[in-house]
Each structure stands twice: as C-alpha cells, then as structure tokens.
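Here's the letter readout for the chains.
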Amino acid sequence: NAGVMQNPRHLVRRRGQEARLRCSPMKGHSHVYWYRQLPEEGLKFMVYLQKENIIDESGMPKERFSAEFPKEGPSILRIQQVVRGDSAAYFCASSYQTFRAPSGANVLTFGAGSRLTVL
Amino acid sequence: SQKIEQNSEALNIQEGKTATLTCNYTNYSPAYLQWYRQDPGRGPVFLLLIRENEKEKRKERLKVTFDTTLKQSLFHITASQPADSATYLCALVPRGDSSYKLIFGSGTRLLVRP
C-alpha cells in the first residue's frame, strides 16, 4: 500500500523555465493539499484540491502558479517562469476526507517532497 | 498578529532522558493541535493529535499537553533514543470551514546523544 508519491524528488530549473511537480495521493484518498517549505520556515498551505476541483487556492501566488487534480492521473503543481525565490521543498499531502473542526480534524499523510532549485 | 513559535535552537539531550519541546501561539484559537516528525529529506509524519478540551494525550513514549489559557503545547518523549533524533513540528488546526489549512511552526530539531 504505497503512500503519497511525489516526483520528481529533485528538480533543477533555470530562471524563466517551467517546473511541474506531480503527486499521487494514497489509495482511497480523494483530497490533496500542497504545502511549501522554505529553509528554516514552517510549511505553508498553498492549495487544496479534490478530483477535478480546486477547493481553496488562497495560499498560492496568483501569478505563475497553478494546480490541478484531474479525473485520471496525479495532481500537478505547475510553476511557470520560475524565479530564485521559488526554490523550496514542495510537499503534497492527502486525506480520506476533510473534517470540519471542532467535530473532527484532518490528519495529513505527506509525500517525501519535491525539492526545486532555481539557478 | 498571528504567530506560532517553536524553539529554533536544537535540543541536545542524552539518551534515556526526557525531551520536552514547546509550541506557543498567539492570536489563534485552534480546535486541535497536531505534532509531526520530519526527518531530513522526508515529509512530515503525523504523531499525535490533541483537542482543545483535552489536557493531555499519550501514545507509547510520547505525551502531548495543550493549555489553551497559556496558548501552549508541550511535546514530551520519555526514555529518548538516538532514533528519536529528528525535527518535530507542531501544527494548529483552525476552526470551521478552513480546518484543512494546517498552520505549522518552523519546527525544533532534537538530537539524542548515545
């Protein structure tokens, strides 16, 4: 029973190129979340998706960043025209369902992350 | 402003001792608080969850407390082992419709010396 699978694990891009990060959630999980972790900082929420729907993209920069979770295939986080400030670890997490606190709380299963380096 | 703070200095302890990590927050009223472990080059792994109306939660050698008056959670590892060396993250679970947006601290690195 594979966990959350992310690829590539490491990605190097030059400024101005595009980065595509992929995430396959755990089997049976239909909720996907992307978080970004800058060095020495906590993980920051970017976007929450269900199949074919973006539920909340409030944490994602409005320009150059997009995310999708198609009916078939993995979730994709796409960063166009990368800049050095985009260098970070990008983590995908999934959950079976979303709870609304205080009746319940999400426990996230994270992937190993994709580390983007922009030269 | 809203803040969640964990001690940025590494905690260095001798094997067998109890490690205590602190998570403080301001201007939040979380319904839950979670603790995760993160190893270098890996994603966070969920450890424990505590509700706002619970004072303490235990799981094997782990114990979490949650004081909503002090706005603080303490994470304890008893009889620590070198294998416990990792970064430990606390995460607040907001109330209501945005409860999926966990708010993470920057983590505290724990080093357990043999």
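Residues numbered from 1 in each chain as written. Chains lettered and ligands numbered in written order. Predicted model: local features only at pLDDT ≥ 70, side-chain atom pairs only at ≥ 80, totals over all residues. Heavy atoms only, no water.

*Asks:* Looking at this structure, I do not really get the overall build of chain A. What am I missing?
*Replies:* Within chain A one finds 0 helices and 11 strands. Shown N-terminal to C-terminal, the secondary structure of chain A runs as helices and strands in the order β-β-β-β-β-β-β-β-β-β-β. Relative to its length of 119 residues, chain A is compact, with a C-alpha radius of gyration of 14 Å against a globular reference of 14 Å. With the C-alpha coordinates aligned to their principal axes, the bounding extent of chain A is approximately 45 × 30 × 25 Å. Across the 119 residues in chain A, those meeting the buried criterion constitute 46%. In chain A, once contacts between residues fewer than 6 apart in sequence are set aside, the share between residues at least 24 apart is 54%. Accessible surface, chain A as shown: approximately 6,100 Å² in total, 47% of it carbon and sulfur. Between the centroid of the 17 positive side chains of chain A and the centroid of its 10 negative side chains there is a distance of 5 Å. (Helix = DSSP H or I, 4+ residues; strand = E, 2+ residues; numbered from the N terminus. Rg over C-alpha atoms; globule rule 2.2 N^0.38 Å. Buried < 20%, exposed > 50% of the residue type's maximum accessible area, 1.4 Å probe, protein only. Contact = heavy atoms within 4.5 Å. Areas by Shrake-Rupley, 256 points an atom, 1.4 Å probe, with all protein chains shown as cover. Lys, Arg positive; Asp, Glu negative; His and termini not counted. Charge placed at Lys NZ, Arg CZ, Asp CG, Glu CD.)

*Asks:* How should the layout of surface pockets be read in this particular structure?
*Replies:* The volume enclosed by the largest pocket comes to roughly 600 Å³. What lines the largest pocket is a set of 24 residues, and nearest its centre among them are A:Gln37, A:Glu40, B:Gln38, B:Thr87 and B:Ser106. Mapped onto the lining of the largest pocket, the elements with two or more residues apiece are strand 9 (88-95) of chain A together with strand 9 (86-93) and strand 11 (108-113) of chain B. Top element by residues in the lining of the largest pocket is strand 11 of chain B. It accounts for 4 residues. Grouping the amino acids of the lining of the largest pocket by side-chain chemistry returns 9 nonpolar, 9 polar and 6 charged. (1 Å grid on protein atoms, 1.4 Å probe; cavity = no way out; pocket = protein on both sides within 12 Å on 5 of 7 lines; lining within 4 Å. Points joined across faces, edges and corners; volume = space filled by probe spheres on them. Nonpolar A, V, L, I, M, F, W, Y, C, P; charged D, E, K, R; others polar.)

*Asks:* I tried to follow unusual backbone geometry on my own but got confused; where do I start?
*Replies:* Most peptide bonds take the trans form, and the phi angle of most residues other than glycine is negative. Residues and elements named next belong to chain A. Residue Pro8 is reached from Asn7 by a cis peptide bond, and omega for that bond is 0 degrees. Mapped onto the elements, Pro8 comes out in the loop between strand 1 (5-7) and strand 2 (10-13). Although it is not a glycine, Glu52 sits at a positive phi angle of roughly 65 degrees. Tracing the sequence through the fold places Glu52 in the loop between strand 5 (43-50) and strand 6 (53-56). Despite not being glycine, Arg64 has its phi angle at roughly 75 degrees, a positive value. Counting through the fold element by element, Arg64 comes out in the loop between strand 6 and strand 7 (65-68).

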